[in-house]
Each structure stands twice: as structure tokens, then as C-alpha cells.
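Listed below are the residues making up each chain.
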Number of protein chains: 2
Amino acid sequence: MTNTMSAGALGAPVEAVNIGLEMFAESLRTSAVEVTSVGWRPSPAEVQGALDTIAPHLGRVRAANDIVVERLQSAEPRLVDVLVAREAIDGLGERTFLHAGPPVDWADMCGPLRGAVIGAIMFEGLADDPEAAEAMAARGEVDFAPCHEHGAVGPMAGVVSPSMPMWVVDDAVHGTRGLCTLNEGLGKTLRHGAYDEGVLTRLAWMRDVLGPAVQATVRGLSAPLDLRGLAAGALQMGDECHNRLRASTSLLLRELLPVMLEIDHPREAVIEAARFMNSNDHFGLNPIMAGAKATADAARDVPGSSIVTAMARNGTEFGMRLSGTGDRWFTGPAGVIDGLFLPGYGPEDANPDIGDSTITETVGLGAFAMAAAPAIVKFIGGRASEASLATLAMYDATWSESRSYQLAVLDFRGTPLGIDALEVVHSGVLPIINTGIAGRVAGTGQVGAGLTKPPMGAFTDAVTALAATFA
Amino acid sequence: MTNTMSAGALGAPVEAVNIGLEMFAESLRTSAVEVTSVGWRPSPAEVQGALDTIAPHLGRVRAANDIVVERLQSAEPRLVDVLVAREAIDGLGERTFLHAGPPVDWADMCGPLRGAVIGAIMFEGLADDPEAAEAMAARGEVDFAPCHEHGAVGPMAGVVSPSMPMWVVDDAVHGTRGLCTLNEGLGKTLRHGAYDEGVLTRLAWMRDVLGPAVQATVRGLSAPLDLRGLAAGALQMGDECHNRLRASTSLLLRELLPVMLEIDHPREAVIEAARFMNSNDHFGLNPIMAGAKATADAARDVPGSSIVTAMARNGTEFGMRLSGTGDRWFTGPAGVIDGLFLPGYGPEDANPDIGDSTITETVGLGAFAMAAAPAIVKFIGGRASEASLATLAMYDATWSESRSYQLAVLDFRGTPLGIDALEVVHSGVLPIINTGIAGRVAGTGQVGAGLTKPPMGAFTDAVTALAATFA
């Protein structure tokens, strides 16, 4: 489809032709910059009763949302440690495997999540081959739970098993903690559902060499590393902190590498760890996700609030939580991703949307900060000049604007902050999500990256549940 | 003044009010995006005869310019070593002091250049106090020469003395070499004309500790460091590589710090060096300048070419060279800088334009790449949304567009490349320069940063001299 927009900053009015990403076209249609006005969409009929119930209480909703967003603004996530999961997570059973997204049983797990579970079972030494691991899972001999229910987040499949090292991020302001595993790199990785020998060998090396080296490094920092400042700086350096992380990773390495020169730790391990971290421009994603989790958890459980505190996908379903409705998940089918594929792959190879990395959008980063990262289109597709439009559209789905996450190209306007389920239902503007694409067949790995959106049904269900709290 | 422009990418037509930087307003007036057309300015009358002389030979000029710009495109500047100046520069006398810009005698030197010379004389142990150093210089007991005439470039005052360590950058494609000292940090520094105890102590530490540590590191790289790739990457990360260098510095440190873990060099020196480099987000400027010098020197001496191969300022005069007129300098008064001042300083404290760092604009970086770096306005002033306009205006002053230096926000259009003196004279569009501001009184140091432009007279003189080569 074709949209016309004026584009003074690019020299002359241009015809904005969408060359691949329907999501960008959608943001054009629904954002404030569009030339052809579409007006508000009517709210979905099934939610009209809920909206009528909430209407007399909007003052309370507003006050609650202000509290929630102030918590998102004031959180100070700081990197304090690296611990293996069994140390970091209270009561994590030796046969418990955490995963991304809302709860899901083995029978309903998608290919890449099954692949990651198979790999993690072998990594923990509970099975010797994929068939045995799969049989264990199918017989119910291992337990599953969402990362989000244990203070953690996991990119893509998001599988966490007891021996995996995790970033530990504390928000001392609100007393919350966020956890996330260390990034394995791109391509064939457990988080994309691959479980071959190379994946398992790397996981063992991460447990035995990388984890202890990074732990010693983080413990050697002169002060806990300010992840809000790091992300804010990275937004001035072309990252949106979800799919483009070259600056975040660089700033993280500028903190860690000098400490590695000084710590008392086996030299060869430190050198190997430094090389590994430095070879992967996504290495900074995981501590940022842990920081986002600590931030979002600070915003939980404010009665009456319509602000989203979690969005996550398990590859089968998208799930979300509102601050005003506690721990309850509202779900719908995981979205199809519109993007770019790695050589040899196409849409038929793609699994639906998967991963907890939408915690970045939940705190005003990721696709919400895309104006900061025009170069991301080399990774996810579309035209660079449309990146700002994606951000601008999100102001119609959010309660406020970030004080610390500023967009230079918009003259330092704050990123859209605090996804408001009521605004989403009213405006029809669904949150945009930047994400990787996992192969749908277990064992494949990453096949691409792109944009997607969550199902509206999850938002209408959430609003309906919020209305019930006022009844 | 107020300019109106359409600004679709920012959401709606906006009133672009210039809040401080006349240079931005100027780029609005002269760039292709302006709403009120100003047309071509008439060429200055004094150059009309020269243009008439050149007119029949424009085919030769074009062919020569294509050759020159192809050399700028194809240069591959790589960081190969660190050497002290007396080793790096053939025949550099022990009492020779190199400086930024075109040739200048002591009598005509501005305050900050005199301050830097005084400091360098003391640093070399030729005088014990500023008065003695100044007297030596005034009596002609030391020699001066432009950096540019010895294969080097220097930021701000640009003073190079025999004991200073320098980055060594080779372009193996064209057999050129560029040199530049190591960056001292911001504030009170020799390059800004300060020469107090702190400045001299740091210079001695740079000679004794930093230089050898960085030398060992560069020699420990598995391959010479690709500075074109580094700058191209930094442009996708919010740098323009002249006044905003946080990404360049980060990418440089990602290359150097891991090597520092491995080299056989005194550990305490390595740790001190790493801390120093990491504390200064301008540390990456100097190797980029050395690489730009190697690149620009590859483009020298093509008969008939109207492309600029050097722009440099000594704080009194601006000077430039054309490829088609060899080593001759064309000069005019150094410009006044429009920008932001550090606390306690104002325009009355500012020295006119100074430094060789305009070598970055000469190769398509710096102000020419400002669209990549909207956050730079925090340092130089103006509105972030105007950064792209500065770049767009420069397409009217240049022969081509860089293949490697791409601007994501302009959908990966190459930066304006190859300043063409004929186009400058025709269009009246003078090159924009990003620069620091030195205090005009010797000893002060840096007082701010901003934008300026060179004198048109240098360009009309250059075109007149080029015409004489066709006579």
C-alpha cells in the first residue's frame, strides 16, 4: 500500500511507499502524522459494557496510572551480580524449566520452545539425547513455569534451567529484582530452539567459564552499573535496546573490560570471556531486559490501573498483565512477524511471536524507541525514515513520556511510556514489537527479525477484568 | 530568525525557530528544503574571469574531480602503530614545533596557539617557565611548521613536539600515512592553549605511560584496525566523528581493551591507560583525524581538480588546498564560532576558529555527517531536528556522496563527499564546520563548541589559482 506524507526533514514531500513491512504502514495509518484521517476506531463491541462500568471511575484509574508510571520513571535498575539460576531463584526445583511468555503445557508448546526445553534437559544432564529429553517432557517428568512468575525474563524461548548463569539487577528504589540469562550470540542458539552439540558445548562453557568470569567482573565494579543511564545513552547512539544493541553492548563493555584488567581471576578465562562478549553486538540485551523486569515489577499491583506491567509470548500465545489486575494473564494467539529473513529462510519457516523481550517495550524501549535507531531496518526491514513513525504512533497507546529515555531526533522528546490498555482499546493502536524470528521447527535456530503486534483480544479481556475490579 | 518548513517525519508541519545557531538558519536558507527559494547567488565578481578561463576546460575538471573523489572513496586508512613524533616524522628538528592550520609566524599567532607553543617548549625541557618559553619563541629560537606539511594533523592548536606519541595510520591502497597526537581529554589542555602544571604533568604521563601502553596494544592487534569501518559504524551510532565521538571511542575501545588483557606490558601502566582512554569520549577523534589525513593526502596533486584536499585553521587564518593546485595554501580570516559556551565563558572569551580537525569534513565526516548525530546539539547548540539540514545543505558544495559513510536517517544516503571549490563559489554554500572553541587568552583552555564556516575569499583565490593552471 502507499501512503503520502510530507517529509520536510528529508528535503521534499515524498511518497512513502511501504516496501515490506505492513507494520510500518499500519503505524502510518494510525499515527498522528497521517494525511488521510481515519479517526478513532470504534471500541470493540465486546468491551463496551466494561468501558461503561469503568467510566464513572476514570478519576481513580488516572490516579492509579500516575502512580504506576511514576514507578516506571523512578526505578533505578542497577547490575549487582551474576548468579546461577538455582542460587538466584528461590525454590527453583532441579527439574523445573522456566520459559518465556504466559503459562503453557508441553502439549501446546511451539517447536522452538520444545527445542529449547530439549536442549536444556540435556544441558542439565537429565537426558543423553533429544529423544530421551522429549520423552521426559512428554511424560511430565519435568516442570514448567513462566520466567515472569519467578522474577526473570528470557529472550525468545527464554528457557532457564538451574545451572545457567543469570544477570542480577536490583531496583533499590522499589526493592525489586530482575533476572535474565547471558546472551549466547546470534544464529543457532538454545533461545531460538536449537540444541545441537555446538549449542550444548557453548552452554557448558558459559556455565563453567563465562559466568564465573563475568561474576567476578561485576563484583569488581566500583559501584553497581546504572542500566537506566546505559540505555538512555544507547538511545543517543542508534540503539532502541531490543533488536539493535551495538551501542548498549559497547557501553556495557566499556564498564566491564577495564575491570577485567584488574580482577584476580584466571587470565585465560577472562580473555575468553572478553572475546566472547565482544563478538556479539546483542550481548547487552539481556542485562537491559533484567533491568526492564525490575522496573516493570515495581509497577505491579496498583488497584485500578490500566497500565501494562508485562507483555510476553511463548510462541503459541501472547500474554499480558495489568497493574490493576495483579498476576492474572490475559492471552491471545501469538502474532505473525513481518520482517527480514536470514538467507535460505522465508515466512513459511517462521514461528509465531515468542519471547519475554517485550519487557523492553513495556518500559519505553524497543519499538517504542525506534526513532532513535533508524539503522535497525537493516535487521528488521522497512525504510529507515519510517522508524520515527513507529515511535510517534505509540504516543496514542501510552499514558506518559519517559523522562530519561529521550529521542534526539524528536528534539529529546521522551519515549512513549506506560502502555495503557484503555487507550489501546479506545484508539485501536496496538503496541508495536521489535523481535527476532525463531524457526518453527525445533532445532532450527534464528531465521530472521521483524515487527509484530499483540492480539487485541488480550487487551479487551484485560479491560473487562479491570472493570470487574470496580463492580 | 524564523524559517517555516514541512516536517512530516516529526508529525506535522512545524515552525523551525532558530534558537541560537545562525549556522543552522543559514543551512535552512541555502539547503534544498527551504520553502522560500533564494536561487543561486551570483558568483563573486572577482572570480568571474577565472570562471571564464575554466569554462572551456570543465570536461577536464570533471574527469580530474572523479579521480580525486574515487581516491577519497577507495582509501583504506588503518591504524598500524603509535610512535613518538621524532620517530614518526622524517627530519623533525628537536626545536621544531608543528601547529594546526596554514603557516603562521609567532608574531601573528593567536593566544591559544601561543599558549600551546609555550607549553610544548616547557614539556620538551627547553625552558623552565612560561616567560622563558615565550621569549625563546619571540627570539626565533624555535621553528614552526604546519602539521599538514609533515603528514600530520592536530586538533585545535595542534601543536606537535618531538616527544609526543602519535597515532600512525596507513592507507595501503595509495601509500599515504597520516599522523595525529593522542587526545588529552576535555577542558584545560595544551590543544586549547593551556599550559599549567596539570597540563604538563599529563603530557609527561602520556609520553611515559600512555604512549608505550597504547603502542604495545596497537602492535598486539591481530590486524591493523580499519578506521573507515569504525567511522562508518559510528555514523550508525549517533556520531558525526568530529565533535561527537562517544560511539567512535567505544568502538575503538572494543578493539583495544581486549588486546590489553593479553599483551605483555606492565600491568599498572595498562590499567592506567585503559582508565584514561575510557574516561574521555573524544579519545577516538585523533585516530579518525589521522585516518582522514591519510585519505585526503591520497587525493592530492591531480591536475585540474577543484576538490579540496585540506581545510585547516591556525586561529588567525583559515587555509585550504585544492588537489589541482598542489601544496599552495589559500587563506582568509579564521571564522567566529556560533555555539554553546562552558559555564563562566561567553563569546567575548572565544578565539576564532582553530585546528586541523576540519580534515573530517574534508573526507565527508564532521558537520557533513551531522544528520547522523542529532544529539550533538547538546554540545554545539541548536535544535536536534536541524542536524539533517546541515548535512543536506552540503550536497550543494560537494562533488559526490560517500559510498561507505551512510546516513541511516536519510535512508542510508552517503554523506556529501569532496568539497568542490567551483560549486562553493557558484552556489555560495560554504562548508559547515563543527568545532571546539578555545579561549582567546593563552592558558585558558576550552570555552565551548559550535559551528562556523570558512571565508569565501579562500575559495575564490583557490579558483583563481586553478584557472591559472589552464592558462
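Residues numbered from 1 in each chain as written. Chains lettered and ligands numbered in written order. Predicted model: local features only at pLDDT ≥ 70, side-chain atom pairs only at ≥ 80, totals over all residues.

1. With respect to the overall build of chain A
Point 1. A count of helical and extended segments in chain A gives 16 helices and 17 strands.
Point 2. Relative to its length of 471 residues, chain A is compact, with a C-alpha radius of gyration of 21 Å against a globular reference of 23 Å.
Point 3. Relative to its 471 residues, chain A shows a buried fraction of 62%.
Point 4. Considering only contacts within chain A whose residues lie at least 6 apart along the sequence, 75% involve residues at least 24 apart. (Helix = DSSP H or I, 4+ residues; strand = E, 2+ residues; numbered from the N terminus. Rg over C-alpha atoms; globule rule 2.2 N^0.38 Å. Buried ≥ 20, exposed ≤ 12 C-beta atoms within 10 Å, placed from the backbone. Contact = placed C-beta atoms within 7 Å.)

2. Some words on unusual backbone geometry
Residues and elements named next belong to chain B.
Point 1. Even without being glycine, Asp301 reaches a positive phi, approximately 65°.
Point 2. One can find Asp301 in the loop between α11 (285-298) and β9 (308-314).
Point 3. One non-glycine residue, Phe412, adopts positive backbone phi at about 70°.
Point 4. Looking at the secondary structure, you find Phe412 in the loop between β14 (398-407) and β15 (413-419).

3. Section: the environment of A:Ala438
Residues and elements named next belong to chain A.
Point 1. Tracing the backbone shows Ala438 in strand β16 (residues 433-438).
Point 2. Along the primary structure Ala438 and Lys188 are separated by 250 residues, whereas in three dimensions their C-alpha atoms are 9.7 Å apart.
Point 3. If we skip the residues at most four places from it in the chain, Ala438 touches Pro112, Met156, His192, Gly193, Asn351, Ile354, Gln446 and Val447.

4. Here's the deal with the sheet that holds strand β9 (residues 308-314) of chain A
Strands in a sheet are paired, the pairing made by backbone hydrogen bonds, and the direction either parallel or antiparallel.
Residues and elements named next belong to chain A.
Point 1. Overall, antiparallel pairing links the four strands, which are arranged β11-β10-β9-β13 in an open sheet. Edge positions in the open sheet fall to β11 (330-333) and β13 (354-355), since each of these has one partner strand only.
Point 2. Note that β9 and β13 share two bridges and pair antiparallel. Looking at β13, one finds that Arg313 is bridged to Gly355.
Point 3. The strands touched by helix α16 (residues 456-470) are β10 (317-322) and β11; relative to β11, the strand with the most contacts, the crossing angle is about 160°. (Pairing = 2+ DSSP bridges. Axes fitted to C-alpha atoms, helices over the stretch in contact; angles between N-to-C directions.)

5. Digging into the domain arrangement of chain A
The accessible area lost on association of the parts is a frequent measure of interface size.
All names here are of chain A.
Point 1. Domain annotation for chain A reports domain 1 (44-73 + 300-470) and domain 2 (75-291).
Point 2. Contacts between domain 1 and domain 2 engage 49 residues on the former and 48 residues on the latter.
Point 3. In the side of domain 1 that touches domain 2, the residues fall into 24 nonpolar, 20 polar and five charged. (Domains from an automatic or database assignment. Nonpolar A, V, L, I, M, F, W, Y, C, P; charged D, E, K, R; others polar.)

6. Focus on the sheet that holds β9(B)
All names here are of chain B.
Point 1. Within the open sheet, the four strands sit side by side as β11-β10-β9-β13. Their pairing is antiparallel. The two strands at the open ends of the sheet, each matched to only one other strand, are β11 (330-333) and β13 (354-355).
Point 2. Contacting β10 (317-322) and β11, helix α16 (residues 456-470) crosses the sheet at an angle of about 160° to β11.

7. Brief notes about helix α3 (residues 58-74) of chain A
All names here are of chain A.
Point 1. When the terminal C-alpha atoms of α3 are compared, their 24 Å separation across 17 residues agrees well with the 24 Å that a helix rising 1.5 Å per residue should span.
Point 2. Among the residues making up α3, those that are buried are Val61, Ala64, Asn65, Val68, Val69, Arg71, Leu72 and Gln73.
Point 3. For α3, the secondary structure elements touched by its buried residues are α2 (48-54), α11 (285-298), β14 (398-407) and β15 (413-419). (Expected span 1.5 Å × (residues − 1).)

8. Regarding the nonpolar core
Point 1. Membership of the largest hydrophobic core comes to 307 residues, with the highest contact counts inside it found for A:Trp167, A:Ala369, B:Trp167, B:Ala369 and B:Val463.
Point 2. Excluding its chain neighbours within four sequence positions, the residues that come into contact with A:Trp167 are A:Leu79, A:Val82, A:Leu179, A:Cys180, A:Leu182, A:Asn286, A:Pro287 and A:Ala290. (Core = buried A, V, L, I, M, F, W, Y, C linked by C-beta atoms within 7 Å.)

9. What about the packing of helix α5 (residues 111-123) of chain B against helix α7 (residues 197-220) of chain B?
Residues and elements named next belong to chain B.
Point 1. One can describe the packing of α5 onto α7 by two numbers: an axis separation of 10 Å at closest approach and a directional angle of 55°. Compared by their axis directions, α5 and α7 come out oblique. The hand of the α5/α7 crossing is right-handed. From α5, Gly119, Met122 and Phe123 reach across to α7, where they touch Val199, Leu200 and Leu203.
Point 2. The class makeup of the residues in the contact of α5 with α7 is five nonpolar, one polar and no charged. (Parallel < 35°, antiparallel > 145°, perpendicular 65-115°, else oblique. Left-handed = near helix turned anticlockwise from the far one by under 90°.)

10. Focus on the packing of α5(B) against helix α6 (residues 130-138) of chain B
Between two packed helices, the angle of one axis relative to the other and the distance separating the axes together describe the packing.
Residue and element names in this part refer to chain B.
Point 1. For the pair α5 and α6, the least separation of the axes is 9 Å and the interaxial angle reads 105°. As the angle between them shows, α5 and α6 are arranged roughly perpendicular. The segment α5 lies against α6, with Val117, Ile118, Ile121 and Met122 engaging Pro130, Ala133, Glu134, Met136 and Ala137.
Point 2. For the contact of α5 with α6, the residue count by class is eight nonpolar, no polar and one charged.

11. Observations concerning the environment of A:Asp301
All names here are of chain A.
Point 1. The exposure class assigned to Asp301 is partly exposed, which follows from the 15 C-beta atoms found within 10 Å.
Point 2. Separated by 237 residues in the primary sequence, Asp301 and Ala64 place their C-alpha atoms 9.9 Å from one another.
Point 3. Excluding residues that lie within four positions of it along the chain, Asp301 makes contacts with Ser323 and Gly326.

12. Brief notes about helix α14 (residues 387-394) of chain A
Point 1. Summarising burial for α14(A): eight of the eight residues are buried, a large majority.
Point 2. Buried residues of α14(A): A:Ala387, A:Ser388, A:Leu389, A:Ala390, A:Thr391, A:Leu392, A:Ala393 and A:Met394, and no others.

13. Some words on the confidence of the model for chain A
Residues and elements named next belong to chain A.
Point 1. Per-residue confidence for chain A gives a mean pLDDT of 91, with 91% of residues at or over 70.
Point 2. Segment residues 1-20 is flagged for pLDDT under 50; beyond a separation of four residues in sequence, or across chains, it makes 48 contacts in the model.
Point 3. Below pLDDT 50 for its whole length, residues 30-40 participates in 24 contacts with residues either more than four positions away or in separate chains.
Point 4. The complex model carries a pTM of 0.91, and its ipTM stands at 0.90. (pLDDT = per-residue confidence, 0-100.)

14. A closer look at the environment of B:Glu386
Residues and elements named next belong to chain B.
Point 1. The topology assignment puts Glu386 in the loop between α13 (377-380) and α14 (387-394).
Point 2. The exposure class of Glu386 is buried, given the 25 C-beta atoms found within 10 Å.
Point 3. Spatially, the C-alpha atoms of Glu386 and Ala223 are 39 Å apart, while their sequence positions differ by 163 residues.

15. Thoughts on the pairing of strand β17 (residues 446-452) of chain B
Residue and element names in this part refer to chain B.
Point 1. For β17, a buried count of seven out of seven residues is recorded, marking the element as mostly surrounded by other parts of the structure.
Point 2. Looking at chain direction, strand β12 (residues 338-341) and β17 are connected through four bridges and run antiparallel. Of the residues in β17, the one forming a bridge with Leu340 is Ala449.
Point 3. Across six bridges, strand β16 (residues 433-438) lies against β17 in antiparallel orientation. By the bridge assignment, Thr435 is partnered in β17 with Gly450.

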